[in-house]
Amino acid sequence: MINKQIDKIEFKDFEQLLNDAISEGKTIDYKQQLPTNSDADRKEFLADISSFANASGGDLIFGITEEKGSPKSIDGVEIENVDEEIRKYENIIRDGIEPRIALATCPVKVVDKKFVFIFRVSKSWNGPHRVIYKGHDKFYSRNSVGKYPLDTNELKNAFNLSQTLTEQISKFKT
């Protein structure tokens, strides 16, 4: 995750990721292109987003080419209407993950109509979250090598943790 408020991120921050060879991991993931309208791309996108929410949170960054997990170039993605694009992906997230998650989206201009898009997902205390897009029904999390589907024991632990936190908050309020 870029250690900066999302609205303060600038192009030089991506250059720093490149220069420092910050590899993909539990809190950062690079993608060259935004998801297409195909069901497979959308499911993959939603799996990435939900995995961050179910783990430690993190940044999903589009417009950076990676090789073996390390950033190699900042190419950006060409966008005609940035606001429309943000709205499109936020709607996909809203309708494709339950329970709903909070996230922030930030486009950073590279050149002309090319942008790097950051989807910053906070660790959720309202999880676990699952992808529900077009009959897909899976829960994901992340570790140091990327996302993975949760198994039965991990799901049980996630639900128990969520319930325990709710109870602790209620007791604290009382």
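Coordinates for the structure precede this section.
On a predicted model such as this, the values are computed, not experimentally measured, just so you know. (Residues numbered from 1 in each chain as written. Predicted model: local features only at pLDDT ≥ 70, side-chain atom pairs only at ≥ 80, totals over all residues. Heavy atoms only, no water.)

(A) Representation of unusual backbone geometry within the structure. Here the residue pair E98 and P99 is connected by a cis peptide bond, since its omega of -15 degrees sits within 30 degrees of zero. Structurally, P99 can be placed in the loop between β6 (97-98) and β7 (103-111). Cis rather than trans, the peptide bond between G127 and P128 has omega equal to 0 degrees. One non-glycine residue, A21, lies in the positive phi region at around 50 degrees. Checked against the element boundaries, A21 lands in the loop between α1 (11-19) and β1 (28-31). Given the relative accessible area of 42%, A21 is considered partly exposed. Its identity is not glycine, yet D112 carries a phi of approximately 45 degrees, on the positive side. Mapped onto the elements of the fold, D112 is located in the loop between β7 and β8 (114-122). Residue D112 is classed as exposed on the basis of its relative accessible area, which comes to 62%. (Helix = DSSP H or I, 4+ residues; strand = E, 2+ residues; numbered from the N terminus. Buried < 20%, exposed > 50% of the residue type's maximum accessible area, 1.4 Å probe, protein only.)

(B) Up close: the nonpolar core. Counting residues in hydrophobic clusters, the biggest one holds 25 residues, and the most contacted among them are L34, F45, L46, I49, I93, F117 and F119. At the level of secondary structure, the elements contributing two or more residues to this core comprise α2 (39-54), β2 (57-62), α3 (82-96) and β8. The dominant element in this core, judged by the number of residues it contributes, is α2, at six residues. Dropping the residues within four chain positions of it, I49 is found in contact with L60, I93, I97, I101, L103, F119 and V121. Among the nonpolar cores identified, the runner-up in size contains 14 residues, and I28, Y30, I61 and V116 belong to it. (Core = buried A, V, L, I, M, F, W, Y, C linked by side-chain atoms within 4.5 Å. Contact = heavy atoms within 4.5 Å.)

(C) Structural view of the packing of aromatic side chains. Applying the stated criterion across every chain, the model contains six aromatic pairs. With centroids separated by 6.0 Å and ring planes inclined at 55 degrees, the aromatic side chains of F45 and F62 adopt a geometry described as tilted. Separated by 17 residues along the polypeptide, F45 in helix α2 and F62 in strand β2 bring together distant segments of the chain. With centroids separated by 5.5 Å and ring planes inclined at 70 degrees, the aromatic side chains of F45 and Y89 adopt a geometry described as edge-to-face. Pair noted here: F45 is in helix α2 and Y89 is in helix α3, with a separation of 44 residues, a long-range link. For the residue pair F45 and Y89, the accessibility class agrees, reading buried in each case. Grouped by ring-pair contacts, the aromatic residues F45, F62, Y89 and F119 constitute a single cluster. Sitting over the face of the ring of W125, K123 holds its NZ or CZ atom 4.6 Å from the ring centroid. The cationic tip of R142 hangs over the ring face of F52; the distance from NZ or CZ to the ring centre is 4.2 Å. (Phe/Tyr/Trp six-rings, centres within 6.5 Å; stacked < 30°, edge-to-face > 60°. Lys NZ or Arg CZ within 6 Å of the ring centre and 35° of its normal.)

(D) Quick peek at the sheet that holds strand β10 (residues 138-143). Strand order in the open sheet formed by four strands is β6-β9-β10-β11, with antiparallel pairing between adjacent strands. Both outer strands of the open sheet, β6 and β11 (146-149), are each paired with one neighbouring strand and no more. Relative to strand β9 (residues 130-131), β6 runs antiparallel, the two being bridged by two bridges. Bridged to I97 within β9 is V131. Packed on one face of the sheet, α2 meets β6, β9, β10 and β11 and runs near 60 degrees to β10. (Pairing = 2+ DSSP bridges. Axes fitted to C-alpha atoms, helices over the stretch in contact; angles between N-to-C directions.)

(E) Spatial organisation of the environment of D7. Tracing the sequence through the fold places D7 in the segment before α1. The exposure class assigned to D7 is exposed, which follows from its relative accessible area of 58%. Once the C-alpha coordinates of D7 and T105 are considered, the two residues, 98 residues apart in sequence, prove to be 8.8 Å apart.

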